[in-house]
Amino acid sequence: MIRIGLVFLFLFVAAAKAQEALPINAWPGLDHVEARNLRPAEFEKLVDKARLRINLRRGRQIQTEIDALEKMQAQVLMPAADTAFIPELRAHVKEYRIACSQGDTQACTELGLFYFYGAGVWIDKELGKAMVELSCHRGGLAACESGFRFEDYGPHEPILTRGCMNGSAQSCYTLAYAYGNGRVGLAKDTNLASTLNDMALDLARVGCRKGNGQNCFLQYNILESRYRYQKDPIPEAVKQELVQALNAGCALRNPNSCGAKEVKTQFNSMKLELGTPIPHEPIFDDPMHPDDLACTLGHQSACRSRHQPLPRYSAFYNCNDIYNLHLCRSYMPGQLPDLADGRDDLERMQSENREGRALFEAATQSPEYFMFHPKDYGKLRRVSRSCVLGQAYACRNLAEMYEGGFGTGLWLSDDYGDIVSGLQEKRSLLLHLCDAGDALACHEFGYSHTGRGDEDRPDLYMRAWQRACDMGAGHSCQRLAFEYGLEQSSDEDELLNEQVRIRYAKRACDLDVFDGCRELNGYGNADPTQYPQLNLRACLEGVGASCEILAQEYRAGSDGFRKDRAFAKLILKAGISLTQH
């Protein structure tokens with residue numbers, strides 16, 4: 001307990017230092033600009049500076065994401081993490097761990113996949129995906145091509161483009177998906193997506209002919225998707241290519257090819273009889289059904305279609321059925337913690353685990369697995385261990401895990417069981433962290449008291465957000481601004497409320513929270529003297545609606561604004577460019 005207390009004492013020092021420096025996104029000189037009488041040359045200089053600031057903000061956001069991924073990966077790069085694996089894998093995993101800690105992105109990707117699929121270790125999907133995405137950030141092409149759907153493709157676009165130009169069908173295909181759907185970081189471009197898709201198909205055909213089973217399935221997947229929703233019949237030549245690609249992929253032991261439904265009805269009569277264009281002899285030495293082969297290669301739907309169990313430790317597939325705890329547990333390695341058999345048993349286990357100890361100490365030093373679904377065991381072990389070492393980020397993760405939700409918490413039966421909510425435990429842990437000086441924990445503690453009816457406690461969440469905002473948590477400042485905007489008050493208090501709202505919104509914007517900048521948008525009827533300046537700031541931060549408000553005022557020439565239609569068009573044009581920047 002002394003070690004934990006000393007570690008969290010440092011949070012107070014960090015919180016105090018955070019308030020000494022000027023907020024990272026502050027723009028103090030803008031307050032002295034006359035928003036009602038801007039000149040084109042002056043405005044264009046501001047827009048140039050705004051573009052630079054938005055680029056810097058974008059860079060900070062990406063770096064923040066990378067920092068979070070690095071913290072998560074570091075939690076399993078310590079030697080103690082090897083013991084979580086089954087004995088026969090530990091030496092193998094140790095090699096990956098050491099190589100990963102030395103910067104080998106391929107090793108990090110492989111290690112991440114162990115955790116994501118629960119291969120010889122308690123499954124931890126969040127960690128597995130984080131390790132793969134971090135490897136992609138660091139330039140690992142295999143990680144970028146892994147098939148995971150990332151939230152932001154902007155940082156990965158140069159890596160995938162280089163892979164595509166160097167002949168990787170999967171890179172071209174991933175880029176086609178990102179541009180075709182307009183994923184975060186890339187503007188939607190259907191023409192470019194179509195070109196990339198054609199390149200991916202051509203490269204997949206070449207790769208398949210050279211004996212790459214994954215490319216064979218990609219060839220099939222691209223072709224099949226083109227005709228999936230068409231009412232017209234598929235041309236005979238395309239049908240033949242689809243079957244050839246699947247047969248070739250299955251011959252090369254690609255599980256997706258073997259497990260594809262189209263193969264099931266055509267395989268026996270058409271197996272490699274259409275002249276599959278690969279330079280290898282078929283490697284089928286027995287009349288094994290393609291689904292049997294796919295099952296041995298780990299394909300979930302193939303195993304189920306043949307009523308066969310999945311290979312050992314296929315936790316990823318079996319834990320998807322959240323209503324069946326015992327199925328999930330049966331594919332998890334090692335000695336498993338006990339499950340509570342009903343609410344009475346749960347209360348007994350809680351009492352025994354927490355007896356004589358504060359909840360924070362009990363939850364971190366002896367994790368309460370009996371309150372969680374088996375699919376969460378890996379994450380629970382990881383975050384509780386890291387929390388003991390003083391990582392506030394992990395402690396907040398642990399607190400979040402306690403609140404009951406879909407697939408979280410204890411299910412009291414195998415079927416449609418009850419979920420035990422740990423909301424009070426979550427609040428208790430967050431309050432402990434908040435009192436230790438963790439601003440983000442204060443924010444989350446406040447948020448845990450929002451809701452309906454008796455669950456809505458503004459007396460608690462407003463105080464928590466105020467505390468967090470004072471410590472530099474911009475999201476809390478933004479929430480305060482939002483709440484003051486909803487406040488119902490008498491006419492004499494309306495102006496005061498608006499001034500308080502603006503103060504919190506400006507602080508949130510200065511602290512790099514875009515939603516705080518968005519709170520500055522509007523006509524601000526309660527305080528019309530400020531809204532020109534506020535909308536100028538919001539416009540330059542990339543809030544398009546604020547640019548439209550300024551343009552409207554200059555177009556009309558009312559409320560002290562210079563009437564200038566040409567300048568209004570310039571503002572609208574700048575607003576579009578800043579919003580898309």
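The preceding data block contains the structure.
Here's what I pulled together on the structure shown here. Quick caveat, the model's predicted, so the values are computed rather than measured.

On a plain count of helices and strands, the chain comes out with 30 helices and zero strands. Excluding contacts between residues fewer than 6 apart, the proportion of contacts in the chain whose partners are at least 24 apart in sequence is 59%. Entry remark: accessible area of the chain is about 28,200 Å², with carbon and sulfur atoms responsible for 51%.

Bringing the state of the cysteines into the picture now. A complete count under the given rule lists ten disulfides for this structure. Each disulfide pairs two cysteine sulfurs, and for cysteine 136 the partner residue is cysteine 144, the sulfurs being separated by 2.0 Å. Looking along the S-S bond of the cysteine 136-cysteine 144 disulfide, the torsion reads about 105 degrees, which is the right-handed sense. On the accessibility criterion, cysteine 136 (0% relative accessible area) is buried.

Moving on, we get to empty space enclosed by the protein. Evaluation of the coordinates by the stated rule reveals one cavity of 30 Å³ or more. Size it by volume and the largest cavity reaches roughly 80 Å³. Forming the walls of the largest cavity are Val76, Ala81, Ala84, Tyr115, Val121, Trp122, Asp124, Leu127, Gly378, Arg381, Arg382 and Arg385. The element best represented in the lining of the largest cavity is helix 20 (residues 377-388), accounting for four residues. Looking at side-chain class alone, the lining of the largest cavity contains seven nonpolar, one polar and four charged residues.

Another aspect to go through is the packing of aromatic side chains. To describe a pair of aromatic rings, you give the distance between the ring centres and the angle between the ring planes. Tallied over the entire structure, the rule returns 20 aromatic pairs. Aromatic side chains phenylalanine 116 and tyrosine 117 sit 5.1 Å apart centroid to centroid with 85 degrees between the ring planes, which places their arrangement in the edge-to-face category. Of the residues examined, phenylalanine 116 reaches a relative accessible area of 11% and is grouped as buried. One aromatic cluster is present, formed by Phe43, Tyr554, Phe561 and Phe567 through successive ring pairs.

Unusually for a residue other than glycine, arginine 253 sits at a positive phi of about 65 degrees. Along the chain, the position of arginine 253 falls in the loop between helix 11 (236-251) and helix 12 (255-259). A positive phi angle, near 55 degrees, is found at aspartate 559, a position not held by glycine. Along the chain, aspartate 559 turns up in the loop between helix 29 (544-556) and helix 30 (565-580). Overall, the relative accessible area of 51% leaves aspartate 559 in the exposed class.

Quick look at the environment of arginine 518 now. As for its placement among the helices and strands, arginine 518 is situated in helix 27 (residues 514-518). Residue arginine 518 is classed as partly exposed on the basis of its relative accessible area of 42%. One polar contact links arginine 518 to aspartate 515, side chain to side chain, over a distance of 2.5 Å.

Okay, the pattern of salt bridges next. One pass over the structure, following the stated rule, counts 32 salt bridges. One salt bridge connects glutamate 541 with arginine 53, and the closest N-O pair in it is separated by 3.0 Å. Residue glutamate 541 is located in the loop between helix 28 (531-540) and helix 29, and its partner arginine 53 is located in helix 2 (residues 40-74); the two are separated by 488 residues in the primary sequence. Note on accessibility: glutamate 541 and arginine 53 belong to one class, buried. Look at the salt bridges and you will find they share partners, linking Arg53, Arg57, Asp510, Arg537 and Glu541 into a network.

On to the packing of helix 9 (residues 190-209) against helix 10 (residues 213-227), then. Any two packed helices are characterised by the angle at which their axes cross and by the distance between the axes. Direction vectors running N to C along helix 9 and helix 10 enclose 140 degrees, while the axes themselves pass 7 Å from each other. Helix-helix and strand crossings are classified by hand; for helix 9 and helix 10 the assignment is left-handed. For the pair formed by helix 9 and helix 10, the contact residues are Asn197, Asp198, Ala200, Leu201, Leu203, Ala204, Arg205, Gly207 and Cys208 on the first element and Asn215, Cys216, Leu218, Gln219, Ile222, Leu223 and Arg226 on the second. Across the contact of helix 9 with helix 10, the residue classes break down as nine nonpolar, four polar and three charged.

A separate point is the packing of helix 23 (residues 439-447) against helix 24 (residues 458-470). The N-to-C vectors of helix 23 and helix 24 enclose an angle of 165 degrees; their axes lie 8 Å apart at closest approach. Compared by their axis directions, helix 23 and helix 24 come out roughly antiparallel. Handedness of the crossing formed by helix 23 with helix 24: left-handed. Facing helix 23, whose interface residues are Ala439, Cys442, His443, Phe445, Gly446 and Tyr447, helix 24 presents Tyr461, Ala464, Trp465, Arg467 and Ala468.

Definitions and cut-offs
Residues numbered from 1 in each chain as written. Predicted model: local features only at pLDDT ≥ 70, side-chain atom pairs only at ≥ 80, totals over all residues. Heavy atoms only, no water. Helix = DSSP H or I, 4+ residues; strand = E, 2+ residues; numbered from the N terminus. Contact = heavy atoms within 4.5 Å. Areas by Shrake-Rupley, 256 points an atom, 1.4 Å probe, with all protein chains shown as cover. Disulfide = S-S within 2.5 Å. Buried < 20%, exposed > 50% of the residue type's maximum accessible area, 1.4 Å probe, protein only. 1 Å grid on protein atoms, 1.4 Å probe; cavity = no way out; pocket = protein on both sides within 12 Å on 5 of 7 lines; lining within 4 Å. Points joined across faces, edges and corners; volume = space filled by probe spheres on them. Nonpolar A, V, L, I, M, F, W, Y, C, P; charged D, E, K, R; others polar. Phe/Tyr/Trp six-rings, centres within 6.5 Å; stacked < 30°, edge-to-face > 60°. Polar contact = N/O pair within 3.5 Å; in protein donor to acceptor, adjacent residues only side chain to side chain. Salt bridge = Lys/Arg side-chain N within 4 Å of Asp/Glu carboxyl O. Axes fitted to C-alpha atoms, helices over the stretch in contact; angles between N-to-C directions. Left-handed = near helix turned anticlockwise from the far one by under 90°. Parallel < 35°, antiparallel > 145°, perpendicular 65-115°, else oblique.

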